[in-house]
Amino acid sequence: MSRVALPFGLLVLLTAAGVEAQAKPARAGTHSVVDDQEARDLFKLGKQAFDEGRYERALKYFKDAYELSRRPALLSNIGTVLDRLRRDAEALEAYKSYLAQVPDAENRGFVEERVRVICPDMGSAYGGKH
């Protein structure tokens, strides 16, 4: 099976979507102000690492930020990094969790396309065509 490379511009768009999501916690009142700031800082470090092509490091920062904040948009970032690292099964899980938690996501079409590229048999699970 051949995979289509992720266009850099779309990766930046996906990462930028995570920046916007950082403005609002997923569950208000469940995290301390310190945790929220730490999650924001980790996200920024993850974005910087991603932009520099240091994907393993970006993954760690995004996962740590998600653990602190539980912001669903970070799952999209995690999926994107895992996709870049060709860790397909993990990328699919992150993308599926993201789509389940954010059913009306602005980037839903893009994420569904990545799911179809990684695993064509799963595309129909999201209403996509092969």
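Remember, predicted model here, so these are calculated numbers, not experimental data. (Residues numbered from 1 in each chain as written. Predicted model: local features only at pLDDT ≥ 70, side-chain atom pairs only at ≥ 80, totals over all residues. Heavy atoms only, no water.)

**Student:** Can you walk me through the confidence of the model for the chain in this structure?
**Tutor:** The predicted coordinates ought not to be read in detail in places where the model reports low pLDDT. Scored by pLDDT, the chain has a mean of 81; 69% of the residues are at 70 or more. Mean pLDDT values over the elements of the chain span from 44, in helix α1 (residues 8-21), up to 98, in helix α3 (residues 55-69). (pLDDT = per-residue confidence, 0-100. Helix = DSSP H or I, 4+ residues; strand = E, 2+ residues; numbered from the N terminus.)

**Student:** Would you take a moment to explain the nonpolar core for this structure?
**Tutor:** Side chains of a nonpolar character, in soluble globular proteins, are inclined to be buried together. Ala58, Phe62, Leu74, Ile78, Val81, Leu82 and Tyr98 are the most contacted members of the largest nonpolar core, which has 29 residues in total. Sorting the residues of this core by element identifies α2 (33-51), α3, α4 (73-84), α5 (88-101) and α6 (108-118) as the ones contributing at least two each. Here this core gets eight residues from one element, more than from any other, and that element is α3. Setting aside chain neighbours within four positions, we find isoleucine 78 in contact with Leu59, Phe62, Lys63, Tyr66 and Ala94. (Core = buried A, V, L, I, M, F, W, Y, C linked by side-chain atoms within 4.5 Å. Buried < 20%, exposed > 50% of the residue type's maximum accessible area, 1.4 Å probe, protein only. Contact = heavy atoms within 4.5 Å.)

**Student:** Is there a simple way to explain α2 in this structure?
**Tutor:** Side chains of residues three or four places apart in an α-helix project in the same direction, reflecting 3.6 residues per turn. Spanning 19 residues, α2 covers 27 Å between terminal C-alpha atoms, matching the ideal 27 Å at 1.5 Å per step. Considered for burial, the residues of α2 that qualify are Asp36, Ala39, Leu42, Phe43, Gly46, Ala49 and Phe50. Down the axis of α2, the sector holding all buried residues measures 145°, keeping them to one side. In this structure, α2 carries Val33, Val34 and Lys44 as exposed residues pointing more than 90 degrees from its buried face. Following α2 by one or two positions, glycine 53 has its phi on the positive side, about 80°. (Expected span 1.5 Å × (residues − 1). Arc of directions from axis to C-beta.)

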